[in-house]
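Structure assessment
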Amino acid sequence: MSDIIQLLPDHVANQIAAGEVVQRPASVVKELLENAIDAGATNIKLLLKDAGKTLIQVIDDGKGMSTTDARMSFERHATSKIQKAEDLFNLNTKGFRGEALASIAAIAHVELKTKQENEELGTCIKIEGSKIVSQDFISTGKGTSLAVKNLFYNIPARRNFLKSDTVETRHIIDEFQRVALAHPNIAFLLHHNNNEVYHLKNGNLRQRIVAVFGSKMNEKLVPIDEKTDIVAIEGFVAKPQFSKRKRGEQFFFVNDRFIKSSYLNHAVVNAFDGLLEHGAHPSYFLYLTVPANSIDINIHPTKTEIKFDNEKALYAMLRATVKHSLGQYNVAPVLDFNRDSNLDTPYHFKSNTKTASVPKISVDPDFNPFKEEHHKENNFSSRREKQTESWESLYTEVAVSDGQNQESLFEHQQEEKAQKTFQIQRKYVMSLIKSGVVLISQSLAHQRILYEQFLESITVKEANSQQLLFPVKISFSSAEIEMIYTIKTELENAGFSFEDFTKDSVTIKGIPVSVTESKITIILEELLNDINLEVPDASFSHFDVMAKSFAKTLSIKTGTLLSEREQEALVNDLFSCKEPTVSPFGKSTFKTLTLNEIDHLFNS
């Protein structure tokens, strides 16, 4: 019987390894960016075409490679990061396995240009499917440029399984953000199809977070800083009122490496206990620095999972540190319309530095309640206690009472009639409260109101439907018709009623009460667009997307004039919502401005 076990060729082994290392274009981006960082680069450029399917190119100004190193870098298990097994437990670099470039070269067309600073000429190597096509000397600048073209060209099944350009671009941007946030001291540039997406200058951590997520992020951040013998924790958490309905802006970094840890995430969420709405998730950017020999990174090919020596101690320290910062900066959300701000106790108040003073009591020794002057002052009250002797005296007393209290009564009536809400530039509604004012975005607030109403009518109550006198026939593509048919039950629960489905049209005979006939097409088109933009997962819900889409389409738009009654109704409906602080899309619906803050504007 002949032998049947044989050693696989290198190019086949590389393709098998590529299945673990390179899952999609974002995996290539991650590996190339980390190699550039390990090379000591201070400026890194990432160029993409067609979501990385056509081109992924990373250009850095690092130390570069010699001709021999450039050739060896594409061999399996060839690396400059470690030399012996013990080095796996004392890693200070991103990469260490030596598999990434060999795996990428096995499934794409790769072109490498590199030069060291003290060399006159650089090296250019072209590889296609693990086969070296050419190797030449070229004139190039210091650093390395690595272009990956036609990813998965020789594995069509894998290429066909890639998602749309929108989804793949989103995954690439996620990887880019993780690397950029871990290294704020490095400048990054991202171009996609010749359009600049990010241009991040080097700076500190707060500047990098604001540059990545927008200037509005700056006001949301609460600093974290704690150093102990086993871990140093720094970074930022977002204030509770800016929590998200999805787990988007949650970042853990250990020794400048992005990781995923549900255990540590639970510690942070536990620190926010009592400060978050049900179903809300806090945003955080936390950087942990631990001894390199106390962690094991070699767990998963993506290197996003790490084992710690003492996870319980890290959990306790992380929870305590976040809780301390939330208390220290007094960020618990407060919106009490009946509270007197003068009664607030400063956070820094200490009993050993400030003591209550004994009130002074003053006595007037000459006070005599039976003096004639005092008797005259109280003449009106004493007369009221006496029995009225004649009908004329009754009207006399009323006249005196009206004369004395006319001014105060007029002021009281004017105060009752005073307008409590004002519309600003047909965009915002300002409402007066005891501690100051509340500035409400009329569009975002109405989105929140409609969103909760629709969600309740779809999932809890039986939605009301109004029948159309003449059914409306709307044309869609076959793919869109198929999508509408898949969510037909949810649409019927929302109040829609369908008469007929064809390959390219749908006939509607009933619509929700709050929807007008002219907006049927707009609502369905935006609903389909919103569903396409969502990435399906285990918790994906068409109900939620529908409620958001309906709220966005039917909400009051900027520029709409509101009457005083409509303004008051908007304010009352907003604060009757379960979560009035944010719109369905995570934007703040209102901002409060206290009297102290207003005074500070004029005294600064």
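Rules used throughout
Residue numbers restart at each chain and count upward from 1, following the sequence in its written direction. Local features in a predicted model are, by the rule used here, given only for residues with pLDDT of at least 70; side-chain atom pairs are given and counted only at 80 or more, and totals for whole chains, interfaces and linings are based on all residues. To get the side-chain values, all heavy atoms of the structure are used, and hydrogens and water are removed first. Labels follow the DSSP assignment, with helices taken as runs of H or I lasting at least four residues and strands as runs of E lasting at least two, numbered in each case from the N terminus. Per-residue accessibility, obtained with a 1.4 Å probe over protein chains only, is compared with the maximum for each type, and a residue is labelled buried under 20%, exposed over 50%, and partly exposed between these values. In this description, accessible areas are obtained by the Shrake-Rupley approach with a 1.4 Å probe, and a residue is regarded as covered only by the protein chains that are shown. Note: the arc covers the axis-to-C-beta directions of the helix. Paired rings are identified among Phe, Tyr and Trp, the last through its six-membered ring, by centres lying within 6.5 Å, and are further divided according to the angle between planes into stacked (under 30 degrees), edge-to-face (over 60) and tilted (the rest). Note on pairing: two strands pair once DSSP finds at least 2 bridges between them. Only the contacting stretch of a helix is used when fitting its axis, a line to C-alpha atoms as for every element, and angles between N-to-C directions run 0 to 180 degrees. Note on terminology: a nonpolar core comprises buried Ala, Val, Leu, Ile, Met, Phe, Trp, Tyr and Cys residues joined through side-chain atoms within 4.5 Å. For this analysis, residues touch if any pair of their heavy atoms sits within 4.5 Å. Between the first and last residue of a helix there are one fewer steps than residues, each counted as 1.5 Å, and that sum is the expected span. In these notes the angle categories are as follows: under 35 degrees is roughly parallel, over 145 is roughly antiparallel, 65 to 115 is roughly perpendicular, and the rest is oblique. We call a crossing left-handed when the near helix sits turned anticlockwise from the far one by less than a right angle, and right-handed when that turn is clockwise. Residues enter patches when their relative accessible area tops 30% and they take part in no salt bridge; the joining distance is 9 Å for like charges and 5 Å for the nonpolar side chains Val, Leu, Ile, Met, Phe, Trp and Tyr. The salt bridge criterion pairs a side-chain nitrogen of Lys or Arg with a carboxyl oxygen of Asp or Glu, the two atoms within 4 Å. Any pair of nitrogen or oxygen atoms within 3.5 Å is treated as a polar contact; in protein, a donor-acceptor pairing is required on top of that, and neighbouring residues in sequence qualify only through side-chain atoms on both sides. Each residue receives one of three labels: charged for Asp, Glu, Lys and Arg, nonpolar for Ala, Val, Leu, Ile, Met, Phe, Trp, Tyr, Cys and Pro, and polar for the others, Gly being one of them. The predictor reports its confidence for every residue as pLDDT, a score running from 0 up to 100.

1. Some words on the overall build of the chain
- Helices and strands together make up the secondary structure of the chain, namely 19 helices and 22 strands.
- Taken over 604 residues, the chain has a buried fraction of 40%.
- On the chain, roughly 35700 Å² of surface is accessible, and the fraction owed to carbon and sulfur atoms is 50%.

2. Some words on helix α18 (residues 564-574)
- Buried within α18 are the following residues: Gln 567, Leu 570, Val 571 and Leu 574. End-on, the buried residues of α18 take up no more than an arc of 95°, which puts them together on one face. α18 presents Arg 565 and Asn 572 as exposed residues on the side facing more than 90 degrees away from its buried surface.

3. Here we look at the packing of aromatic side chains
- Counted according to the given criterion, the structure contains 12 aromatic pairs.
- On the basis of an interplanar angle of 65° and a centroid distance of 5.9 Å, the ring pair of Phe 253 and Phe 258 is categorised as edge-to-face. The pair formed by Phe 253 and Phe 258 is uniform in burial state, with each residue classed as buried.
- Measuring from centroid to centroid gives 4.6 Å for Phe 253 and Tyr 287, while their planes differ by 15°, and the two rings are stacked.

4. What to know about the sheet that holds strand β20 (residues 497-501)
- Strand order across the open sheet formed by three strands is β19-β21-β20, with antiparallel pairing between neighbours. Each edge of the open sheet is held by one strand with a lone partner, namely β19 (465-475) and β20. Averaged over all pairs of adjacent strands, the angle between strand axes in this sheet comes to 15°, irrespective of strand direction.
- Across seven bridges, the pairing between β19 and strand β21 (residues 505-512) is antiparallel. Bridging across to β21, Val 472 finds its partner in Ile 508.

5. Quick look at the nonpolar core
- Core analysis: the largest hydrophobic core is formed by 53 residues, its most contacted members being Leu 32, Ile 44, Leu 46, Val 148 and Phe 188.
- The element best represented in this core is helix α2 (residues 25-38), accounting for seven residues.
- Apart from the residues lying within four places of it in its own chain, the contact partners of Phe 188 are Ile 37, Ile 44, Phe 176, Val 179, Ala 180, His 183, Tyr 198, His 199, Leu 200 and Arg 208.

6. Topic: the sheet that holds strand β8 (residues 195-200)
- Ordered by their spatial adjacency, eight strands build an open sheet running β5-β4-β3-β6-β2-β1-β7-β8, and the pairing between neighbours is mixed. The sheet is open, and its two borders are formed by β5 (131-138) and β8, each paired with just one other strand. Averaged over all pairs of adjacent strands, the angle between their axes in this sheet comes to 10°, without regard to strand direction.
- In terms of strand pairing, strand β1 (residues 43-49) meets strand β2 (residues 55-60) through six bridges, oriented antiparallel.

7. Examining α2
- Taking 1.5 Å per residue, 14 residues should reach 20 Å; α2 reaches 20 Å between its end C-alpha atoms and fits that length.
- Counted residue by residue, α2 has 13 buried out of 14 residues, so it is predominantly covered.

8. Comments concerning the pairing of strand β3 (residues 109-115)
- Most of β3 sits inside the fold, with five of its seven residues counted as buried.
- Examined bridge by bridge, β3 and strand β4 (residues 122-128) share six bridges and lie antiparallel to one another. Across the sheet, the residue bridging to Glu 111 is Lys 126, located in β4.
- The hairpin turn running from β3 into β4, its antiparallel successor, is six residues long.
- Where β3 and strand β6 (residues 143-149) come together, seven bridges link them in antiparallel fashion. Bridge pairing in β6 places Glu 111 opposite Ala 147.

9. Concerning the side chain of Glu 175
- By the element assignment, Glu 175 lies in helix α6 (residues 165-182).
- Once residues within four sequence positions are removed from consideration, Glu 175 is found in contact with Ala 26 and Lys 30.

10. Quick look at the packing of α2 against α6
- Two elements in contact, α2 and α6, have axes whose closest approach is 8 Å; the angle formed by their N-to-C orientations is 20°. Viewed along their axes, α2 and α6 adopt a mutual orientation that is roughly parallel. For the crossing formed where α2 meets α6, the hand is right-handed. On α6, the residues that touch Pro 25, Ala 26, Val 29, Lys 30, Leu 33 and Ile 37 of α2 are Glu 168, His 171, Ile 172, Glu 175, Phe 176 and Val 179.

11. With respect to a nonpolar patch on the surface
- Side chains of Leu 593, Leu 601 and Phe 602 sit close together on the surface and give an oily, nonpolar patch of about 340 Å² of accessible area.
- Structurally, Leu 593 can be placed in strand β22 (residues 590-594).
- You can call Leu 593 partly exposed: its relative accessible area is 34%.

12. Details of the pattern of salt bridges
- Evaluated as defined, the whole model comprises 11 salt bridges.
- A salt bridge links Arg 71 to Glu 75; the nearest nitrogen and oxygen atoms lie 3.0 Å apart.
- For Glu 452, the salt bridge identified is with Arg 448, shortest N-O distance 3.0 Å. Within this pair, Glu 452 and its partner Arg 448 are both found in helix α13 (residues 442-459), separated by four residues, close to a single helical turn. Comparing Glu 452 with Arg 448 shows no difference in burial state: the two are buried.
- Linked by salt bridges that have partners in common, Glu 111, Lys 113 and Lys 149 make up one network.

13. Describing the environment of Phe 498
- Inspection of the secondary structure puts Phe 498 in strand β20.
- Linking Phe 498 and Ile 511, residues 13 residues apart in sequence, is a C-alpha distance of 9.0 Å.
- What Phe 498 contacts, discounting residues up to four positions off in sequence, is Ile 484, Lys 488, Leu 491, Glu 492, Val 506, Thr 507, Ile 508 and Lys 509.

14. Thoughts on the side chain of Thr 169
- Residue placement: Thr 169 occurs in helix α6.
- Reaching out from Thr 169, the side chain makes a polar contact with the backbone oxygen of Asp 165 at a distance of 2.6 Å.
- Once residues lying within four places of it in the same chain are set aside, the contact partners of Thr 169 are Ala 51 and His 192.

15. What about the packing of helix α8 (residues 262-271) against helix α9 (residues 311-328)?
- Interaxial distance between α8 and α9 falls to 8 Å at its minimum, and their mutual angle equals 30°. By the angle between their directions, the pair α8 and α9 is classed as roughly parallel. Pair α8 / α9 crosses with right-handed handedness. Of the residues in α9, those touching α8 at Tyr 263, Leu 264, His 266, Ala 267, Val 268, Asn 270 and Ala 271 are Glu 311, Lys 312, Leu 314, Tyr 315, Leu 318, Arg 319, Val 322, Lys 323 and Leu 326.
- When grouped by side-chain class, the residues that make up the contact of α8 with α9 number 10 nonpolar, two polar and four charged.

16. Concerning the confidence of the model for the chain
- Averaged over every residue, the pLDDT of the chain is 78; the share at 70 or more is 75%.
- Per-residue pLDDT stays below 50 along residues 535-540; that stretch engages in five contacts with residues further than four places along the chain or on separate chains.

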